[in-house]
Protein chains: 12
Amino acid sequence: MEEKHIYKVIELVGSSTDSVEDAIRMAIRCAGKSLRNLRWFEVVQTRGHIENGEIHHFQVVLKAGFTLEDGDDEDD
Amino acid sequence: MEEKHIYKVIELVGSSTDSVEDAIRMAIRCAGKSLRNLRWFEVVQTRGHIENGEIHHFQVVLKAGFTLEDGDDEDD
Amino acid sequence: MEEKHIYKVIELVGSSTDSVEDAIRMAIRCAGKSLRNLRWFEVVQTRGHIENGEIHHFQVVLKAGFTLEDGDDEDD
Amino acid sequence: MEEKHIYKVIELVGSSTDSVEDAIRMAIRCAGKSLRNLRWFEVVQTRGHIENGEIHHFQVVLKAGFTLEDGDDEDD
Amino acid sequence: MEEKHIYKVIELVGSSTDSVEDAIRMAIRCAGKSLRNLRWFEVVQTRGHIENGEIHHFQVVLKAGFTLEDGDDEDD
Amino acid sequence: MEEKHIYKVIELVGSSTDSVEDAIRMAIRCAGKSLRNLRWFEVVQTRGHIENGEIHHFQVVLKAGFTLEDGDDEDD
Amino acid sequence: MEEKHIYKVIELVGSSTDSVEDAIRMAIRCAGKSLRNLRWFEVVQTRGHIENGEIHHFQVVLKAGFTLEDGDDEDD
Amino acid sequence: MEEKHIYKVIELVGSSTDSVEDAIRMAIRCAGKSLRNLRWFEVVQTRGHIENGEIHHFQVVLKAGFTLEDGDDEDD
Amino acid sequence: MEEKHIYKVIELVGSSTDSVEDAIRMAIRCAGKSLRNLRWFEVVQTRGHIENGEIHHFQVVLKAGFTLEDGDDEDD
Amino acid sequence: MEEKHIYKVIELVGSSTDSVEDAIRMAIRCAGKSLRNLRWFEVVQTRGHIENGEIHHFQVVLKAGFTLEDGDDEDD
Amino acid sequence: MEEKHIYKVIELVGSSTDSVEDAIRMAIRCAGKSLRNLRWFEVVQTRGHIENGEIHHFQVVLKAGFTLEDGDDEDD
Amino acid sequence: MEEKHIYKVIELVGSSTDSVEDAIRMAIRCAGKSLRNLRWFEVVQTRGHIENGEIHHFQVVLKAGFTLEDGDDEDD
């Protein structure tokens, strides 16, 4: 009955050459391929790689929560 | 040989209208449906939702550890 | 338009001789006297006072979020 | 005499479907309706909500500092 | 009945050219102009500004707790 | 003269099959056997053990403060 | 295109009677049985068990990141 | 042989109506009554009590390390 | 031989009126004037200044790592 | 009845010219001289001293938990 | 153009037999010998050494920020 | 006069295929090439890279403190 407020939480690292927001979107889309019910995310760390004095890509460490559904055989 | 001290750790959010302890139990039971060997938990955060000035439900973020067993095809 | 996701956050300390949950309820009710739209809380710290070797009362430090409404002249 | 370096600090949650920066701006503008002298902010947490596998909105928890002025009847 | 152990908590930044203790006092006095029942404080951060290689002023970030009283129309 | 505000602080782990509050009480009582003047506690961590998919016991890590008295030969 | 910088992160506890490094290796090898693309680890906590006044085993809590590959049906 | 670099660490709360430094001194002196070999301290928290809008006393939470000596029957 | 994995780490504050990403770029470019081999960065804090109720500029505190090379006479 | 899960926790600093593990062992052995029932430890900090450009000794700050037994007159 | 808001940050440990404030001043003055544009500091840790049961000196760990100027050949 | 207790602190990342201790030594030796008076270090993070399911190298993030001497033209 309270199950709609029960989540599993995974940790992801996303990446983008453009922006922090885009790195978050890349991580969410990648996780969404195998998990249907992602509900929220939280940014744990923002970092990036530098090449030739310029930012090559941003990297964002996320936690993301998803709900379990009957019939789901999600893997985590 | 030391394998009995090797764990995987998952993060869960449980919920209850009654108490913090009950929110922990809900998360453990939900995880226990797919994981046989849960051994311990640690509360990471305690929070809740408020409706009409009263607590509607408590939410507890947990880490929980489980051991792997031969023949297990656990998913995480 | 996104205003329903905009909150102000206050910090409260609640207290109860009975339980942690009751200390949370005391803080929420006390804040609810002057704030109509409390939506969520998060426990920041749990502590208590001891007298004659027994727990005299539990004290819980909370953050609580509320939404602003037009016509509100809330004070914080 | 040192009063120009004395601040009160509030905590806010802002939101935007577009970007982290826009979520910060929404929170600052909302707080600015009742507080004239906001001086600085600090991002405490960045998170968001997901719907149908896409980011629905970003949410940013801020601390913001403001100075008090004579004649102010600020509410917090 | 337990109300004497219920507090609201505010965050303040105080400042002094002389000492850390004096910066704390400045913040407490400033807050005390509008809040009658301040009971305790906790130093969250100590910092300062430098001009011409000397400390120009110390700045102290505080949390301070106060109790609510009947008849109070405190603003935060 | 300020001695009534001078404490020593110990760290304890208490345990209960029933509740978080009961685990706190067990730790306080156990410490109280050798320390007369316990004044306050603070919960540092809440965790527990799981057996057969159910919570076997809750464990609570506490800090507890006590005052020294003349004639005390407390051991810590 | 940026996918080579997208990771999932798992948390593990490894154990060894010999050394901290060996406890890390035990955890990595155990995780490597079901995950092909482990890339990095980070030590979150180092602890251990004591028996008869000697260290019985070291335990290390790790985060480990792995990349996803097409055709992978990894479970977490 | 390395014993001169082996310490036990205790936690103390000191108090003074005058200054943070004096609160540290009060805690060190109080601990020094029963411990001969205190070597260092570290401030964990600085707080205080307020009465009638003025600081009544500063309170400082310390960790302090001491070495053990042969013949010591320290209680800690 | 392992020297390519040895870094020095510096801390920087960058600033931009436009975005968090641009503030990061400003800091990296500024550091790049005197350091040839910057490899990565990590955002430690995001904050900003407010003027007339609008964000005047974003400020980002970074750690950045660089490798040392023979013949380098880098200054930090 | 739950007493076997009740611990007192002490903080120790151990030291070794050889390794981190050996510094942990030195601290555990030193504590074991006066405490019979040490059960677990957790590393809180790893540091060391440098002389003439080489590591002179490693220093490890530990928390260690022990159980109380009837008839024990342990001192902490 | 935004360069006036770009800083490098260094970490320093200052020391004084008298007070925390004096230990901060000693560190700032020492750093000021080679760095012209120190602008702010933040106290990261306060600690000290004890001899014969009295505080021998206070030690303060600081972060300090400075701006770069054209023509500067600062070393860090 | 207190100058022997004044340090500058740098942050380093060392690396070794063998052990955590060796990664610390590599960082200290590398820093020691340009800094004569390194006195202490503190481990901030322990991590590593994995190749083909085995640990390729350990990486250790350190803070290291050094004293300044007259005539030094250290670069930090």
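Residues numbered from 1 in each chain as written. Chains lettered and ligands numbered in written order. Predicted model: local features only at pLDDT ≥ 70, side-chain atom pairs only at ≥ 80, totals over all residues. Heavy atoms only, no water.

Undergrad: Help me out: how do you make sense of the pairing of strand β2 (residues 38–51) of chain D in this one?
TA: Looking along a regular strand, one sees the side chains alternate between the two faces of the sheet. Of the strand pairs in this sheet, strand β2 (residues 38–51) of chain A and β2(D) are connected by three bridges, and their pairing is antiparallel. By the bridge assignment for β2(D), A:F41 is matched with D:G48. Strand direction decides the pairing type here: β2(D) and strand β3 (residues 54–67) of chain D, joined by twelve bridges, are antiparallel. From the neighbouring strand, D:R47 faces β3(D), where its bridge partner is D:Q59. Between β2(D) and β3(D), which follow one another and run antiparallel, lie two residues, and D:N52 among them has a positive phi close to 50°. (Pairing = 2+ DSSP bridges. Helix = DSSP H or I, 4+ residues; strand = E, 2+ residues; numbered from the N terminus.)

Undergrad: How do you make sense of the confidence of the model for chain A when you look at a structure like this?
TA: Note that predicted coordinates carrying low pLDDT should not be read in detail. Residues and elements named next belong to chain A. Residues with a pLDDT of 70 or more make up 84% of chain A, whose mean pLDDT is 88. Note that pLDDT drops below 50 for residues 71–76; the model gives that stretch 22 contacts with residues more than four away or on any other chain. In the predicted complex, the global pTM is 0.91; the interface-specific ipTM is 0.91. (pLDDT = per-residue confidence, 0-100. Contact = heavy atoms within 4.5 Å.)

Undergrad: Just checking my understanding: could you explain helix α1 (residues 20–32) of chain A for this structure?
TA: It helps to recall that an α-helix has 3.6 residues per turn; residues three or four apart then point in one direction. The end-to-end C-alpha distance of α1(A) is 18 Å, a good match for the 18 Å that 13 residues give at a rise of 1.5 Å each. For α1(A), the complete set of buried residues consists of A:V20, A:E21, A:A23, A:I24, A:A27, A:I28, A:C30 and A:A31. (Expected span 1.5 Å × (residues − 1). Buried < 20%, exposed > 50% of the residue type's maximum accessible area, 1.4 Å probe, protein only.)

Undergrad: Even after reading the chapter, I still don't get the interface of chain I and chain A, so can you show me in this structure?
TA: Often, the extent of an interface is quoted as the loss of accessible area upon association of its parts. Taken together, the eleven residues of chain I in the interface contact 14 residues of chain A. Between chain I and chain A the total buried area reaches about 1100 Å² when both faces are included, carbon and sulfur atoms providing 58% of it. The largest per-residue losses of area from chain I upon contact with chain A belong to I:E21, I:R25 and I:F41, which jointly make up 43% of the total buried on that side. Of the charged contacts, one joins I:R29 and A:E54 as a salt bridge, the two residues approaching to 3.3 Å between their closest N and O atoms. Between chain I and chain A we count six residue pairs in polar contact (both at pLDDT 80 or more) in total. With six residues, strand β2 (residues 38–51) of chain I is the single largest residue contributor to the side of chain I that touches chain A. Class assignment for the residues of the side of chain I that touches chain A results in six nonpolar, no polar and five charged. (Buried area = accessible area lost by both parts, 1.4 Å probe. Salt bridge = Lys/Arg side-chain N within 4 Å of Asp/Glu carboxyl O. Polar contact = N/O pair within 3.5 Å; in protein donor to acceptor, adjacent residues only side chain to side chain. Nonpolar A, V, L, I, M, F, W, Y, C, P; charged D, E, K, R; others polar.)

Undergrad: Would you mind showing me how to read the side chain of D:H57 here?
TA: Residues and elements named next belong to chain D. As for its position among the elements, H57 is in strand β3. For H57, a relative accessible area of 2% puts it in the buried group. Only 2.9 Å separates the side chain of H57 from the side chain of H56, close enough to count as a polar contact.

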